[in-house]
Amino acid sequence: DARVTQTPRHKVTEMGQEVTMRCQPILGHNTVFWYRQTMMQGLELLAYFRNRAPLDDSGMPKDRFSAEMPDATLATLKIQPSEPRDSAVYFCASGSGTDTQYFGPGTRLTVL
Amino acid sequence: KQEVTQIPAALSVPEGENLVLNCSFTDSAIYNLQWFRQDPGKGLTSLLLIQSSQREQTSGRLNASLDKSSGRSTLYIAASQPGDSATYLCAVWSWTGGSEKLVFGKGTKLTVNP
């Protein structure tokens, strides 16, 4: 049963620290998404890649956030330095082109 | 700029009732529209995907329709059950300003009361 996996599932850190979240997309999927969800803002698309190339990162704060795909089996989202307002659940999803997306379980980030 | 709206934001119904959730979008140049379900504390689960050339898709008690000309989609849930309680989101892929864009609605929180 193919699934998107995300690590860590929970992360508590102090303001100013670097946070790295990892995602393993479903094998064979060529499109990987990063989302952020909060009660106030709802679900926000931060960035997405197709064939490991970034296609749209307009939803991502450029000064502190960065997203990469070192290879087809790993996507990373990094926040440096982290701030309390970054506290949220971060979801990764994968799919084929614009077809159905499959979401991971999320990383719950708390920045104190 | 594509905007996706879901009304109502919350809906509460008794078990067994048939119900309709609404999703509207402003730009009809879409590739497809997807309906998702999200349970509390979980990621989204895809329910149905309608390509721009299709009018509807069905899966079990769920039926999703698409009317591109009016910028609307509906998700029909037949014979609702307490297990259908969740937040339902729609998402639209469209071609805007020379690039593809994915936009989500804010969702409708459904509660089905036993």
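Reading the values: rules and limits
Residues numbered from 1 in each chain as written. Chains lettered and ligands numbered in written order. Predicted model: local features only at pLDDT ≥ 70, side-chain atom pairs only at ≥ 80, totals over all residues. Heavy atoms only, no water. Helix = DSSP H or I, 4+ residues; strand = E, 2+ residues; numbered from the N terminus. Rg over C-alpha atoms; globule rule 2.2 N^0.38 Å. Buried < 20%, exposed > 50% of the residue type's maximum accessible area, 1.4 Å probe, protein only. Disulfide = S-S within 2.5 Å. Pairing = 2+ DSSP bridges. Axes fitted to C-alpha atoms, helices over the stretch in contact; angles between N-to-C directions. Phe/Tyr/Trp six-rings, centres within 6.5 Å; stacked < 30°, edge-to-face > 60°. Contact = heavy atoms within 4.5 Å.

Student: Talk me through the overall build of chain A; I want residue IDs and the actual numbers.
Tutor: On a plain count of helices and strands, chain A comes out with zero helices and eleven strands. Over its C-alpha trace chain A gives a radius of gyration of 13 Å, about what one expects of a compact globule, namely 13 Å for 112 residues. Projected onto its principal axes, the C-alpha positions of chain A cover 35 × 30 × 25 Å. Counting across all 112 residues of chain A, residues that qualify as buried make up 47%.

Student: For the state of the cysteines, give the residues involved together with the corresponding values.
Tutor: All told, the structure shown has two disulfides over all chains when counted by the stated rule. Covalent S-S linkage joins A:Cys23 and A:Cys92, the inter-sulfur distance amounting to 1.9 Å. Measuring the twist about the S-S bond at about -60°, one finds the A:Cys23-A:Cys92 disulfide to be left-handed. Of this pair, A:Cys23 sits in strand E3 (residues 19-24) while A:Cys92 sits in strand E9 (residues 88-95), and the two are 69 residues apart along the sequence. In terms of burial, A:Cys23 and A:Cys92 fall into one category: buried. A sulfur-sulfur separation of 2.0 Å characterises the disulfide bridge that pairs B:Cys23 with B:Cys90. Judged by the torsion about the S-S bond (75°), the B:Cys23/B:Cys90 disulfide is right-handed. Highlighted residues: B:Cys23 in strand E3 (residues 19-25) and B:Cys90 in strand E9 (residues 86-96), separated in sequence by 67 residues. For B:Cys23, a relative accessible area of 2% corresponds to the buried category.

Student: Could you give an account of the sheet that holds strand E1 (residues 5-7) of chain A, naming the residues involved and the relevant values?
Tutor: Residues and elements named next belong to chain A. Here we have four strands laid out as an open sheet, ordered E1-E3-E8-E7, and antiparallel in their pairing. Two strands in the sheet have a free side with no partner beyond their single neighbour: E1 and strand E7 (65-71). Between one strand axis and the next, the sheet turns by 20° as a mean value, whatever way the strands run. Two elements, E1 and E3, share three bridges in a ladder whose sense is antiparallel. What sits directly across from Thr7, in E3, is Arg22.

Student: Tell me what's going on with the packing of aromatic side chains, and back it up with residues and numbers.
Tutor: Applying the stated criterion across every chain yields a total of ten aromatic pairs over all chains. The interplanar angle of 85° and the centroid separation of 5.4 Å between the aromatic rings of A:Tyr35 and B:Phe104 together place this pair among those described as edge-to-face. In this pair, A:Tyr35 is assigned in strand E4 (residues 31-38) and B:Phe104 in strand E10 (residues 99-104), connecting two distinct chains. Exposure remark for B:Phe104: the relative accessible area of 11% places this residue in the buried category. Grouping aromatic residues by their ring pairs yields a cluster made of A:Phe33, A:Tyr35, A:Tyr48, A:Phe91, A:Phe103, B:Phe36, B:Trp93 and B:Phe104.

Student: Would you mind going over the pairing of E4(A) in detail, with residue names and values included?
Tutor: Each regular strand displays side chains that alternate between the two surfaces of the sheet. Burial within E4(A) is extensive, with seven of its eight residues counted as buried. Taking the residues between adjacent antiparallel strands as the criterion, E4(A) and strand E5 (residues 42-50) of chain A are bridged by three residues.

Student: Residues and numbers for the side chain of B:Thr108, please.
Tutor: Along the polypeptide, B:Thr108 turns up in strand E11 (residues 108-113). Beyond its immediate stretch of four places on either side in the chain, B:Thr108 contacts B:Gln6, B:Ile7, B:Pro8, B:Ala9, B:Ala10, B:Leu11, B:Leu21, B:Ala86, B:Thr87 and B:Tyr88.

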